[in-house]
Amino acid sequence: MNSWAATRKDFLRLLAAMPMAPLAGAQSLTVPGKRPMLVHNDFPEVLESPLEAFETWLTPLDAFFVRQHLPRPKVDPGSWKLTVDGLVDMPLSLSLAQLKAMPMYTVPAVLECTGNGRGYFKPAVPGLQWKKGGMGNAEWRGVKLADILAQAKVKPGAGFVDADGADKGVAKTPDYIRSISLKKALLPDTIVALEMNGQPVPEIHGGPLRLVVPGWNGANWIKWLNKLTVAAQMNNGFYMNPAYRYPKRPVPPGTAVKPEDLAVLETMPVKSFIVSPADGYKHPSGALEVRGIAWAGERKIMKVEVSTDRGITWSTAQLGKENFDSSFRMFRYSWKPSGPGYHLLMSRATDSKGATQPIDAAWNPSGYLWNSIDRVGVVVEG
Ligand code: MTE
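What counts, and where the lines are drawn
- Residues numbered from 1 in each chain as written.
- Predicted model: local features only at pLDDT ≥ 70, side-chain atom pairs only at ≥ 80, totals over all residues.
- Heavy atoms only, no water.
- Pairing = 2+ DSSP bridges.
- Helix = DSSP H or I, 4+ residues; strand = E, 2+ residues; numbered from the N terminus.
- Axes fitted to C-alpha atoms, helices over the stretch in contact; angles between N-to-C directions.
- Contact = heavy atoms within 4.5 Å.
- Salt bridge = Lys/Arg side-chain N within 4 Å of Asp/Glu carboxyl O.
- Buried < 20%, exposed > 50% of the residue type's maximum accessible area, 1.4 Å probe, protein only.
- Near = heavy atom within 4 Å.
- Polar contact = N/O pair within 3.5 Å; in protein donor to acceptor, adjacent residues only side chain to side chain.
- Areas by Shrake-Rupley, 256 points an atom, 1.4 Å probe, with all protein chains shown as cover.
- Nonpolar A, V, L, I, M, F, W, Y, C, P; charged D, E, K, R; others polar.
- Phe/Tyr/Trp six-rings, centres within 6.5 Å; stacked < 30°, edge-to-face > 60°.
- Lys NZ or Arg CZ within 6 Å of the ring centre and 35° of its normal.

Strand order in this open sheet of five strands is β5-β4-β13-β8-β9, and the pairing throughout is mixed. Edge positions in the sheet fall to β5 (92-95) and β9 (177-181), since each has one partner strand and no second. Within this sheet the neighbouring strands show an average axis-to-axis angle of 20°, counted without direction. Bridge count between strand β4 (residues 81-86) and strand β13 (residues 225-231): four bridges; the pairing is parallel. Residue pairing in the sheet places V84 in a bridge with L228 of β13. Where helix α3 (residues 145-152) meets the sheet, it contacts β4, β5, β8 (160-165), β9 and β13, and its direction lies at approximately 135° from that of β5.

To continue, consider the pattern of salt bridges. Two side chains bearing opposite charge may form a pair once their charged atoms approach each other closely. Overall, the coordinates contain 14 salt bridges when judged by the stated rule. One salt bridge connects R291 with E289, and the closest N-O pair in it is separated by 3.5 Å. On the basis of relative accessible area, R291 is assigned to the partly exposed category, the value being 24%. Note that R332 is salt-bridged to E289, the shortest N-O span being 3.0 Å. Within this pair, whereas R332 is found in strand β22 (residues 329-335), its partner E289 is found in strand β18 (residues 288-296), the two being separated by 43 residues in sequence. A relative accessible area of 31% places E289 in the partly exposed class. Overlapping salt bridges bring together E55, E289, R291 and R332 as one network.

A few words now on the site of the ligand. Around the ligand, a shell composed of 18 residues is seen, among which F65, D167, H205, R210 and K223 lie nearest. Between an oxygen atom of the ligand and a main-chain N or O atom of F65, the distance comes to 2.7 Å. R210 has a polar side-chain atom sitting 2.6 Å from an oxygen atom of the ligand. Protein contacts shield 100% of the accessible area of the ligand, which totals 530 Å² for the unbound molecule. Partitioned by chemical class, the residues of the shell around the ligand number ten nonpolar, four polar and four charged.

Below, the discussion takes up the packing of aromatic side chains. Applying the stated criterion across every chain, the model contains 13 aromatic pairs. On the numbers, 4.6 Å between centres and 35° between planes, the contact of Y120 with W370 is tilted. Pair noted here: Y120 is in the loop between β6 (105-112) and β7 (135-144) and W370 is in the loop between β23 (341-351) and β24 (374-380), with a separation of 250 residues, a long-range link. Of the aromatic side chains, those joined through ring pairs into one cluster are F64, F65, W130, W140 and W221. Between the NZ or CZ atom of K144 and the centre of the ring of Y105, over which it lies, the distance is 4.1 Å. One cation-aromatic arrangement involves R348 over W314; the distance from NZ or CZ to the ring centre is 4.1 Å.

Structure, rendered in structure tokens:
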């Protein structure tokens with residue numbers, strides 16, 4: 001759901017009172033620290049990664065996608081505090097220095113926007129029309145959320161952890177708060193990250209502190225994290241209900257779904273795409289290497305297959321050595337075109353629970369979890 005559209009009028013009124021640079025053409029917008037990105041929105045920034053960002057296992061910081069609901073907050077790492085309250089015996093207020101003194105862990109994980117690929121659903125659904133680049137894979141380093149919660153001494157009866165960042169609601173757009181289950185919060189890979197790809201988490205990605213919730217939809221990865229509240233019940237604010245919910249059972253494309261028939265989204269589905277060749281590539285002649293990436297929510301990738309004959313036959317691709325839960329797995333396949341002309345290349349991944357990508361992702365009113373088999377058209381010239 002794009003809450004932004006609903007409140008855009010209010011926000012524009014507010015903007016009129018703010019100093020602002022004139023809007024550049026969408027594609028020519030330059031954002032400090034970023035290479036040219038696909039710009040869905042310039043303020044607050046919503047930037048999609050270009051395809052070449054996925055040539056490497058880790059997505060470079062300057063090409064990593066950005067998704068904000070609200071304007072970025074002012075950040076002062078020197079005075080930053082992470083408070084922990086609610087159902088705890090020892091409420092905490094931790095500085096960055098105190099967090100850095102705790103044991104640190106490195107977790108490679110894909111951060112993916114729940115609506116990544118929304119632009120491919122038919123019939124079209126409102127909201128940001130993401131294509132493939134609303135996600136990226138990074139190495140996150142920080143403190144286990146479980147260690148922080150152990151310090152705070154969670155009381156019996158706790159079931160959820162509400163996470164809030166320093167960005168604030170604007171006009172009718174509410175504060176951005178998400179709840180994750182205590183079970184997920186206590187998993188060893190759920191961390192409060194201070195670093196992203198070996199550098200302090202950039203401000204645009206939530207630095208100095210952001211929540212990393214491997215395998216779960218990006219909405220949970222709270223940026224500018226400054227408050228954790230342990231609670232018995234799930235938070236019921238706008239960003240938990242009705243936003244980021246999915247039909248409990250498949251619905252006919254184009255139909256509305258009653259709120260009581262929607263459930264909170266957590267883990268992401270198995271997915272792959274071909275990074276090279278790019279769609280529309282003209283290949284002179286001879287063999288061509290097909291390369292891409294695959295990932296699968298909280299699971300590992302076990303297999304990627306490539307079809308070069310419109311899905312009639314499938315061949316197993318070679319998988320990259322990096323093989324972690326919740327992270328990219330690279331793949332490559334050496335293709336010998338059968339002759340000149342237009343060819344369709346397809347990729348489909350299978351995860352460690354045996355789930356395989358569908359031909360067509362299930363339509364849903366908010367356009368979430370698009371994971372159809374990927375397809376790329378190539379013209380072989382000689
Ligand atoms: N955290 C805060 N505080 N505010 C936000 O608007 N957006 C969420 C999540 N965390 C958001 C947030 C969404 S919807 C996504 S997909 C990811 O951050 C995007 O993270 P990125 O901008 O670092 O790529």
